[in-house]
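Chain and residue survey
What follows is each chain in one-letter form.
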Amino acid sequence: MSGPDPAVAAARLAVRRSLGDLVPGSGGSRPGPVLVACSGGADSLALAAATAFVAPRLGLSAGAVVVDHRLQPDSAAVADKAAAACRDLGLDPVHVVAIDVGQARAGRGSAGRGSAGPEADARAARYAAMDDVADRVGALAVLLGHTLDDQAETVLLALARGSGARSLAGMAVRRGRYRRPFLGLRRSQTEAVCGALGLPFWTDPTNGIPAGGRAPGAGVVVPGARPPAGPVAELPRRSRLRVEAMPALTRALGPGVVPALARTARLLRDDADLLDALAADLLAAARAAPTPAGAEGAGAEGGARGGAGGDIVGEVVLDVATLAAAHPALRRRALRAAAVEVGAGRGAPTATHVEALDALVVDWRGRGPVHLPGDGRAARECGRLFLRPSQPRSEE
């Protein structure tokens, strides 16, 4: 008797490896489910199918969460179809959550953190919704369908922004409760899984499907698929990269370019993890350093502490001498982490912000405060660097 299709076998093996450390609770207690984040697309539907097969064989229950972003007229119908497909595969419970990306964007703006663009707003709202469902059901893990192709695209986008090693490290296989079993699989393999199992998948029109309704490299015609509403220039940046840049790179450099970019991310992640740990040690040392003589009770230059004599909630205070003695790569990494801590947002501090903070440490000539993303401030006085989060404005 022949075994499963090679793509199906690869998907199941990837999920088995991802879930192998999750052992059902002892003493007869039933562990929480593993949740698959499913959009109805080929990647997440293939993940749902593999998880539905593997999880029960590991003694785990498996469900799904479908997020309706309500950004397209037919989004509710797409979400319902994705949920129905998950139920047909045997996943239970299946949660459908509708979110309001605009409302989430407004909420972040009122908190002083601003918006990083519609794609980032949608992502933040989606993760908030998944976190809520995972908390309510006590999920052991949430599985995401990102593939090797997604990882390569992430690396290229980071390169285009001029990002450092952490951004070039791409997406983690695991981060907290989130896991990405398919980071070693190609997008063509997930489409092949759907073809082998007879699972019709949906493709977001903003992904740039060519005319004819066939996803790039797919062997399955997508029901209801249609070409983008406008020219390629109107697609989201990642979709433009997928439609134009990746095929061009593959033609110019060969078919190994996608695995090579993903390999770069994997290698840089190890380096970034080590540097992050060393930067955290530097921050701890800079916090714990004795207060320089004459600095007691001093407020930072330019109103960084608002002229208040006491500490500001959420403020980070660092010893300049400790920072200045460190290697520039570690110091800048530590300063970026401090900026994130006071509300700048993980992806928000740019190289320009970090360089301005670094100048306060090693090239300070009495200049005023540095403005940070999220309306924070940083300034130096009396041998101390003060990073202050945005403060609520009092109503007059």
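Per chain, residue numbering runs from 1 following the sequence as it is written. For a predicted model such as this one, the threshold for reporting local features is a pLDDT of at least 70, and the threshold for listing and counting side-chain atom pairs is 80 or more; totals across whole chains, interfaces and linings nevertheless cover every residue. Excluded from the side-chain calculations are hydrogens and water; all other atoms, namely the structure's heavy atoms, are used.

1. Some details on the confidence of the model for the protein chain
Taken over all residues, the pLDDT of the protein chain has a mean of 83, while the share at 70 or more is 80%. Predicted confidence is poor over residues 108–115, with pLDDT under 50, and the contacts of this stretch with residues over four places away or in other chains come to 12 contacts. A residue's pLDDT is the confidence the predictor assigns to it, expressed on a 0 to 100 scale. Residues count as neighbours in contact if any of their non-hydrogen atoms are within 4.5 Å of one another. Segment residues 210–230 is flagged for pLDDT under 50; beyond a separation of four residues in sequence, or across chains, it makes 37 contacts in the model.

2. With respect to helix α8 (residues 187–197)
The cut-offs for exposure are 20% and 50% of the maximum accessible area for each residue type, with area from a 1.4 Å probe on protein chains only; residues under the lower value are buried, those over the upper are exposed, and the others partly exposed. By definition, any uninterrupted DSSP run of H or I lasting at least four residues is a helix, any uninterrupted run of E lasting at least two residues is a strand, and each is numbered from the N terminus. Restricting attention to buried positions, one finds in α8 the residues R187, T190, E191, V193 and C194. End-on view of α8: buried residues confined to an arc of 150°, all on one side of the axis. Of the surrounding elements, those touching the buried residues of α8 are α1 (6–19), α2 (42–57), α6 (148–161) and α9 (237–253). Directly beyond the C-terminal end of α8, a positive phi value near 70° is found at G198. In this context, the arc is that of the directions from the helix axis out to the C-beta atoms.

3. A closer look at the nonpolar core
Counting residues in each nonpolar core, the largest one holds 39 residues, and the members touching the most others are L91 and F182. Listing elements by their share of this core, those giving two or more residues are α1, β1 (34–37), α2, β2 (62–68), α3 (75–89), β4 (141–143) and α8. For F182, the contacting residues outside a window of four places in its chain are A11, A14, V15, D43, A46, L47, G145, H146, T147, L148 and T190. For the purposes of this section, nonpolar cores are sets of buried Ala, Val, Leu, Ile, Met, Phe, Trp, Tyr and Cys residues that join through side-chain atoms within 4.5 Å. Of all hydrophobic cores here, the second largest spans 24 residues; its members include L283, L318, A334 and L360.

4. Observations regarding the sheet that holds β4
If DSSP finds at least two bridges between two strands, the strands pair. The 6 strands lie next to each other as β3-β2-β1-β4-β6-β5, forming an open sheet whose pairing is mixed. Pairing within the sheet leaves two strands with one partner each, and these edge strands are β3 (94–98) and β5 (174–175). Pairing analysis gives 2 bridges linking β5 to strand β6 (residues 178–179), with the strands arranged antiparallel. Within the sheet, the bridge partner assigned to R174 lies in β6 and is R179. Against the sheet, α3 contacts β2 and β3, and its axis sits at roughly 175° relative to β2. Geometry is summarised by axes, namely lines fitted to C-alpha atoms with helices restricted to the contacting stretch, and by angles between N-to-C directions that run from 0 to 180 degrees.

5. Comments concerning unusual backbone geometry
Omega for the peptide link from D92 to P93 comes to 5°, which places this bond in the cis form. Within the fold, P93 resides in the loop between α3 and β3. Even without being glycine, R70 reaches a positive phi, approximately 55°. Along the chain, R70 falls in the loop between β2 and α3. Backbone geometry places D375, a non-glycine residue, at a positive phi of 70°.

6. Remarks on the sheet that holds strand β7 (residues 316–319)
Here we have 4 strands laid out as an open sheet, ordered β7-β10-β9-β8, and antiparallel in their pairing. Both outer strands of the open sheet, β7 and β8 (370–372), are each paired with one neighbouring strand and no more. Taking each pair of neighbouring strands and ignoring which way they run, the sheet shows an average axis angle of 20°. Here 4 bridges tie β7 to strand β10 (residues 384–388), and the two strands are oriented antiparallel to one another.

7. Some thoughts on the packing of α2 against α8
Running from N to C, α2 and α8 cross one another at 60°; their axes reach a closest spacing of 8 Å. One way to sum up the angle between α2 and α8 is to call them oblique. Taken as a pair, α2 and α8 cross one another with a handedness that is left-handed. The segment α2 lies against α8, with A42, D43, L45, A46 and A49 engaging R187, T190, E191, V193, C194 and L197. The class makeup of the residues in the contact of α2 with α8 is 7 nonpolar, 1 polar and 3 charged. Working rule for angles: under 35 degrees goes down as roughly parallel, over 145 as roughly antiparallel, 65 to 115 as roughly perpendicular, anything else as oblique. Take the far helix as your reference; a near helix turned counterclockwise from it by less than a right angle gives a left-handed crossing, and one turned clockwise gives a right-handed crossing. Just so you know the grouping, Ala, Val, Leu, Ile, Met, Phe, Trp, Tyr, Cys and Pro go in nonpolar, Asp, Glu, Lys and Arg go in charged, and all remaining residues, Gly too, go in polar.

8. Here we look at α9
In this analysis the local bend is the angle between axes fitted, respectively, to the seven residues ending at and the seven residues starting at the residue. A maximum bend of about 35° is found in α9 at A245, where proline P247 lies one to four positions downstream. Every buried residue of α9 is accounted for by S239, L241, R242 and M246. Of the surrounding elements, those touching the buried residues of α9 are α6, α8 and α10 (257–288). G254 lies just past α9 and shows a positive phi near 100°.

9. Quick look at the pattern of salt bridges
What makes a salt bridge here is a side-chain nitrogen of Lys or Arg within 4 Å of a carboxyl oxygen of Asp or Glu, nothing more. Here the structure, examined in full by the defined rule, presents 20 salt bridges. Among the ionic pairs, D276 bridges to R166, the shortest N-O distance being 2.6 Å. Separated by 110 residues along the polypeptide, D276 in helix α10 and R166 in helix α7 (residues 165–168) bring together distant segments of the chain. Given the relative accessible area of 16%, R166 is considered buried. Look at the salt bridges and you will find they share partners, linking D150, E153, R187, R238 and R242 into a network.

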